[in-house]
Amino acid sequence: MTDGSPKVRLKPDSESASLAMRDAAHLWHPYTQMLTRPEPLPIVRGEGIYLFGEDGRRFLDGTSSWWVNIHGHSHPKLNAALAAQARELEHVIFANCTHRPGVELAERLVEVLPRGLTRIFYSDNGSTAVEVAIKMASQYWSNQGQSRRTFITLHHAYHGDTVGAMSASEASVFTKPFAPMLFDVTRAHAPYCYRCPMGLERSSCRIDCLGTEVGPAAPSPEAWGATLGAQLERHGGDVAAVLVEPMLQGAGGMIVWPREFLAGVRRLCDAHGVLMIADEVLTGFGRTGRLFACEHAEVTPDIMCMSKAVTGGYLPLGVTAATERIYDAFLSEDRTRTFFHGHSFTGNPLACALAVASLDLIQETGAVEKVQQIESWLRRGLEPLASHRAVGDVRIIGGVGIVELVSDKVTKSAGGYLDDVGPTLTKAFLDRGLLLRPLGNIVYAMPPYVITEHETDWLTTQIREVIDGALGE
Ligand SMILES: Cc1ncc(COP(=O)(O)O)c(C=O)c1O
C-alpha cells in the first residue's frame, strides 16, 4: 500500500553504502520523529569519554550514552570481565538455576545499598525494574489480605516506557497517545524550586510543598491539597506506595531537590504506614555524588529500583532491591502468594559479571569522590550562565549540570520538551564535537566519571558559547 507520503526509503545497493543510508532503509529509532530527524550519527568506536564517527570525527559523550556509561567506553577491565564470563556461561534460566555472577552481584549490592535492602530481584532495564517495584508493592499488600489500589507519584516524574512505569510518570507528551491504557495514580507536588508549586522562595520556605506543615504558606487550597502530606491524609489507607526519583528527577526536567524533601517523603510514608519506592535508575551508582541518592538524606526506601549504570553502561540489567519485610510477605505454603514475575533474561550472567566488575572499578577508582570533583568543575563552568538573558536556572548535582532556558526571565515562559531550541542546540554542539541531547529547553551534561578537569572545562565552555551564539543578545 502506498499513502503518497514523502517517506525516505533509501535502498543501499552496495556494501559501501554509508551506515546512515543503510539505517534509513530499515531502522526505526527511539524518541525520534523519523520523517524530520537529521541523519543519525554513525559511531564506529568508543574509547574513554569519546565516541568516534564513521568519518573519523571525535565526539565527547556528554550524556554518557543516555545516562548509562560511568567508566568510559570500551574499558579494558570491563571488556575482560565480559569476555571471561562469556567463556564460562552466557545465560541460563534463573527460575530453576542460580550462578556465581548472580549471587556475587546480590552479595555486593547488599553490602553497599542503604542498610536494610537485603533482597535482590533482577530484570532487564529501568522500566522493568520499576514495573517489578510496582507489582511487588501491590502484591505485598494483597498477600496480607489488603487491597490497596493507590500509588502516589510526583509531578514531573519519569519512570520509564512500559505501561506501569508510564502510568506512574507525569502525564506528558510522552504518555499522551497511551492515556487510555494507563492506570490512575495520584500525583503530588515535586520540589521544583525554580517553579515552586506553592509560589514560595527556597531561601525562606520550609519545604512547604511536602505538606507536613499545616498549610498557612499554601497559596490556595488546591496547592495545599496536592502536597504529598495532604494526599496521604486523604488516601492513606488505600495507598500501596509512594514512588519517587530521589534528589534528581530526570527526563521530566532535570529537577534537583533539597535533601529535606527526600527525608520528608520517608517520614510521611512511615507516619501513614505506606511503602516508599525509590527509583534510582538514573541516580544510582554515584551520579549525584553519593553512591545512591537516598544517601543524601540517609533514608532507606522499602523498595529501590536500579539499572543504567549498574553494568557500567555495557549491558541492560534491571535490579529491584527490597527489605526482608517485603520479601517475607511473599513466603507461604500457599503458592498463589508467589511473586509471579520474570523475564527470559532475568539474572543474565554476562550483565551480572559486568555489574560486579563495575562495582570493583567504582571502589578502585574512588568514583564517588571523583563525581564530587566533577560537581565543582561543572559549577565553575555553568553557574556564570545564570545571568544570561535566556537562562532561567542553573542546577548542579554530582556529575550532572543543568541549564534551564526560558524565553522570558520574568514570566519564566519556556517551550518545554518539544521546543525547537533542543534540536537547534544539539546540532550546534555536534558541530563542535560534543554529543548532547537537550530535553527541549533543558540543556544538561552528564559525562562519564572518567572526564578530566580540562575536558570538563572544554565541555562547559561549549555549552556557554553555544547558548550565547544561539540565544545571545
Ligand atoms: C528515573 C528513571 N526511571 C526509569 C527509567 C527507564 O529506564 P529504561 O530506559 O532503562 O527503561 C529511566 C530512564 O531514563 C529513568 O530515568
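Higher on the page you've got the structure.
Calculation rules
- Residues numbered from 1 in each chain as written.
- Predicted model: local features only at pLDDT ≥ 70, side-chain atom pairs only at ≥ 80, totals over all residues.
- Heavy atoms only, no water.
- Helix = DSSP H or I, 4+ residues; strand = E, 2+ residues; numbered from the N terminus.
- Expected span 1.5 Å × (residues − 1).
- Buried < 20%, exposed > 50% of the residue type's maximum accessible area, 1.4 Å probe, protein only.
- Contact = heavy atoms within 4.5 Å.
- 1 Å grid on protein atoms, 1.4 Å probe; cavity = no way out; pocket = protein on both sides within 12 Å on 5 of 7 lines; lining within 4 Å.
- Points joined across faces, edges and corners; volume = space filled by probe spheres on them.
- Nonpolar A, V, L, I, M, F, W, Y, C, P; charged D, E, K, R; others polar.
- Phe/Tyr/Trp six-rings, centres within 6.5 Å; stacked < 30°, edge-to-face > 60°.
- Near = heavy atom within 4 Å.
- Polar contact = N/O pair within 3.5 Å; in protein donor to acceptor, adjacent residues only side chain to side chain.
- Areas by Shrake-Rupley, 256 points an atom, 1.4 Å probe, with all protein chains shown as cover.
- Core = buried A, V, L, I, M, F, W, Y, C linked by side-chain atoms within 4.5 Å.

Brief notes about helix H9 (residues 259-272)
Taking 1.5 Å as the rise per residue, H9 with 14 residues should run 20 Å; its terminal C-alpha atoms sit 20 Å apart, in good agreement. Where H9 is concerned, the buried positions are Phe261, Leu262, Gly264, Val265, Arg266, Leu268 and Cys269. Contacts from the buried residues of H9 go to strand E5 (150-154), helix H8 (228-235), strand E7 (239-244) and strand E10 (275-279).

A short note on empty space enclosed by the protein
In this approach, a probe sized like a water molecule rolls over the atoms, and the result shows the empty space that is left. Applying the stated criterion across every chain, the model contains one cavity of 30 Å³ or more. Computed from the structure, the largest cavity encloses a volume of approximately 80 Å³. As for the largest cavity, its lining consists of Pro191, Cys193, Cys196, Pro197, Leu200, Glu201, Arg202, Cys205, Ile207, Asp208, Cys209 and Pro258. Residues belonging to the lining of the largest cavity are distributed by class as follows: nine nonpolar, no polar and three charged.

A word on the packing of aromatic side chains
What the rule picks out here adds up to eleven aromatic pairs. On the numbers, 5.1 Å between centres and 70° between planes, the contact of Phe121 with Phe339 is edge-to-face. Of this pair, Phe121 sits in strand E4 (residues 117-123) while Phe339 is found in the loop between helix H10 (324-328) and helix H11 (349-364), placing the two residues 218 residues apart along the sequence. Measuring from centroid to centroid gives 6.0 Å for Tyr158 and Phe174, while their planes differ by 90°, and the two rings are edge-to-face.

Side note on the site of the ligand
In the vicinity of the ligand, the contacting residues are Trp67, Asn125, Gly126, Ser127, Tyr158, His159, Gly160, Glu245, Asp279, Val281, Leu282 and Lys308. Residue Gly126 places a main-chain N or O atom 2.9 Å away from an oxygen atom belonging to the ligand. In this structure, Ser127 approaches the ligand through a side-chain N or O atom, which is 2.6 Å from an oxygen atom. Taken by itself the ligand offers 390 Å² of open surface, and the protein chains cover 84% of this.

Some words on the nonpolar core
Counting 72 residues, the largest nonpolar core has Leu105, Leu228, Val242, Met254, Val265 and Phe285 as its most contacted members. For this core, the leading source of residues is H11, giving six residues.

Structural notes on H11
For H11, built from 16 residues, the straight-helix expectation of 22 Å at 1.5 Å per residue is met to within 8% by its first-to-last C-alpha distance of 22 Å. Across the 16 residues that make up H11, a large majority, 13, are buried. Among the residues of H11, the N-terminal cap falls to Asn348, whose side-chain oxygen and the backbone nitrogen of Leu350 are separated by 3.2 Å. Looking one or two residues beyond H11, the residue adopting positive phi is Gly366, at roughly 60°.

Re unusual backbone geometry
Residues other than glycine seldom take positive phi values, yet Ser65 does so here, at roughly 50°. Looking at where Ser65 falls in the secondary structure, it is placed in helix H2 (residues 64-67). Overall, Ser65 belongs to the partly exposed group, its relative accessible area being 31%. Residues other than glycine seldom take positive phi values, yet Trp66 does so here, at roughly 65°.

Notes on the layout of surface pockets
Each pocket or cavity is described by its volume, and for the largest pocket that value is around 1,600 Å³. The set of elements that each furnish at least two residues to the lining of the largest pocket consists of helix H1 (19-26), H2 and helix H13 (421-431). The element that contributes the greatest number of residues to the lining of the largest pocket is H13, accounting for six residues. Residue classes in the lining of the largest pocket are distributed as 20 nonpolar, nine polar and nine charged. In this structure, the second largest pocket encloses a volume near 810 Å³. The wall of the second largest pocket is formed by 35 residues, among which Trp66, Ser127, Tyr158, Val281 and Lys308 lie closest to the centre.

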